[in-house]
Amino acid sequence: MNGELNSNMTYKLVALDLDGTIRSDEHPISKITIDTIRKLRERGAIVTIATGRTFASAMQCASDLGITAPIVSFQGALVSDPVTGQELWKRELSASEAIDVIESSVPWGMHLVAYVGHDIYVTSVTAWVRQYAERNGIKTIIVDDLRSVAVLGVMRILAVGDEDVVALMEST
């Protein structure tokens, strides 16, 4: 965001991604972004967040930005009210979808992370899982077999591993 708004356009809704868009691990949300959001609100626009992050993680940034409109999280699988925390809409994977993803990932040797509610389920705690859980304030639950959580309402399954292998896996 460069802080300049097109005065010929009327913005009704602005949905912002977080990571790599308005912030990164190295660069927090800038003053220019905060000022632009303020200007958008002054013009009557609704400003919200649409992210792949968990709702709890998105709330950390939403609080900093004063976001009060519903937040889209988990790559669109959950819409929640940041003021009340109420889930307004969600789309969980069916048990068979979750099992299919888990089983089709086995040949790739990926470490899988299943998101259920505000918790993550894993078969082992790696350095990545530990850092991720600490950074995002997420409870980590260790299970023998991720297929056992398929019936719990899985929101997302994340494959963690070598970037080239993950890219190849995603393309098939």
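In short, a report on the structure. (Residues numbered from 1 in each chain as written. Predicted model: local features only at pLDDT ≥ 70, side-chain atom pairs only at ≥ 80, totals over all residues. Heavy atoms only, no water.)

Structural notes on the overall build of the protein chain
Turning to step 1, where the next piece is worked out: On a plain count of helices and strands, the protein chain comes out with five helices and nine strands.
Turning to step 2, where the next piece is worked out: Burial status across the protein chain gives 40% buried among its 172 residues.
Turning to step 3, where the next piece is worked out: Sequence separation of 24 or more characterises 52% of the internal contacts of the protein chain that already satisfy a separation of 6 or more.
Turning to step 4, where the next piece is worked out: With the model as given, the accessible surface of the protein chain reaches about 9800 Å², and the carbon-plus-sulfur share is 52%.
Turning to step 5, where the next piece is worked out: Between the mean site of the 15 positive side-chain charges and the mean site of the 22 negative ones, the protein chain shows a separation of 9 Å. (Helix = DSSP H or I, 4+ residues; strand = E, 2+ residues; numbered from the N terminus. Buried < 20%, exposed > 50% of the residue type's maximum accessible area, 1.4 Å probe, protein only. Contact = heavy atoms within 4.5 Å. Areas by Shrake-Rupley, 256 points an atom, 1.4 Å probe, with all protein chains shown as cover. Lys, Arg positive; Asp, Glu negative; His and termini not counted. Charge placed at Lys NZ, Arg CZ, Asp CG, Glu CD.)

Topic: the sheet that holds strand E8 (residues 139-142)
Turning to step 1, where the next piece is worked out: Pairing is mixed in the open sheet, where four strands are placed in the order E8-E7-E6-E9. Pairing within the sheet leaves two strands with one partner each, and these edge strands are E8 and strand E9 (154-160). Going across the sheet, the axis of each strand differs from the next one's by a mean of 25 degrees, ignoring polarity.
Turning to step 2, where the next piece is worked out: Summarising the sheet, strand E7 (residues 119-122) and E8 pair through four bridges and their orientation is parallel. In the strand pairing of E8, Asp119 is matched with Lys139.
Turning to step 3, where the next piece is worked out: Along the sheet face, helix H3 (residues 95-105) touches strand E6 (111-116) and E9 and points at about 10 degrees away from the line of E9. (Pairing = 2+ DSSP bridges. Axes fitted to C-alpha atoms, helices over the stretch in contact; angles between N-to-C directions.)

Digging into the pairing of E6
Consecutive residues of a regular strand have side chains that alternate between opposite faces of the sheet.
Turning to step 1, where the next piece is worked out: Counting buried positions along E6 gives six out of six residues, so the element sits mostly inside the fold.
Turning to step 2, where the next piece is worked out: Residues of E6 alternate between two faces, with His111, Val113 and Tyr115 on one and Leu112, Ala114 and Val116 on the opposite face, all of them buried.
Turning to step 3, where the next piece is worked out: As paired strands, E6 and E7 are joined by three bridges and run antiparallel to one another. Looking across to E7, one finds that Tyr115 is bridged to Ile120.
Turning to step 4, where the next piece is worked out: Between the end of E6 and the start of E7, which pair antiparallel, lie two residues, with Gly117 showing a positive phi angle near 60 degrees.

A short note on the sheet that holds strand E3 (residues 71-73)
Turning to step 1, where the next piece is worked out: What the three strands build is an open sheet, ordered E3-E4-E5; its pairing is antiparallel. Two strands close off the open sheet at either side, each with one partner strand: E3 and strand E5 (87-90). Shown here is a sheet whose adjacent strand axes are inclined to one another by a mean of 20 degrees, direction ignored.
Turning to step 2, where the next piece is worked out: Packing of helix H2 (residues 55-65) onto the sheet brings it into contact with E3 and strand E4 (78-80), and relative to E3 it is tilted by some 140 degrees.

Remarks on the environment of Arg43
Turning to step 1, where the next piece is worked out: By secondary structure assignment, the location of Arg43 is in the loop between helix H1 (31-42) and strand E2 (46-49).
Turning to step 2, where the next piece is worked out: Residue classification places Arg43 among the partly exposed residues on the basis of a relative accessible area of 44%.
Turning to step 3, where the next piece is worked out: Along the primary structure Arg43 and Thr10 are separated by 33 residues, whereas in three dimensions their C-alpha atoms are 8.0 Å apart.

Considering the side chain of Thr51
Turning to step 1, where the next piece is worked out: You can see Thr51 is positioned in the loop between E2 and H2.
Turning to step 2, where the next piece is worked out: Relative accessible area serves as the criterion here: at 6%, Thr51 is assigned to the buried category.
Turning to step 3, where the next piece is worked out: If we skip the residues at most four places from it in the chain, Thr51 touches Asp17, Leu18, Ala58, Val72, Ser73, Phe74, Gln75 and Gly76.

Some details on the environment of Pro107
Turning to step 1, where the next piece is worked out: Relative to the elements of secondary structure, Pro107 occurs in the loop between H3 and E6.
Turning to step 2, where the next piece is worked out: Since its relative accessible area comes to 67%, Pro107 is described here as exposed.
Turning to step 3, where the next piece is worked out: Taking the C-alpha atoms as reference points, Pro107 and Met169, 62 residues apart in sequence, are found 9.8 Å from one another.

Digging into the nonpolar core
Turning to step 1, where the next piece is worked out: Formed by 30 residues in total, the largest nonpolar core has its most connected members in Ile49, Ile67, Ile71, Val113 and Ile120.
Turning to step 2, where the next piece is worked out: Those elements giving two or more residues to this core turn out to be strand E1 (13-16), H1, E2, H2, E6, E7, helix H4 (127-136) and E9.
Turning to step 3, where the next piece is worked out: It is H2 that provides the largest number of residues to this core, a total of five residues.
Turning to step 4, where the next piece is worked out: Once residues within four sequence positions are removed from consideration, Ile71 is found in contact with Thr48, Ile49, Phe55, Ala58, Met59, Ala62, Leu78, Val79, Ser80 and Pro82. (Core = buried A, V, L, I, M, F, W, Y, C linked by side-chain atoms within 4.5 Å.)

As far as function goes, none of this settles anything; it's purely spatial.
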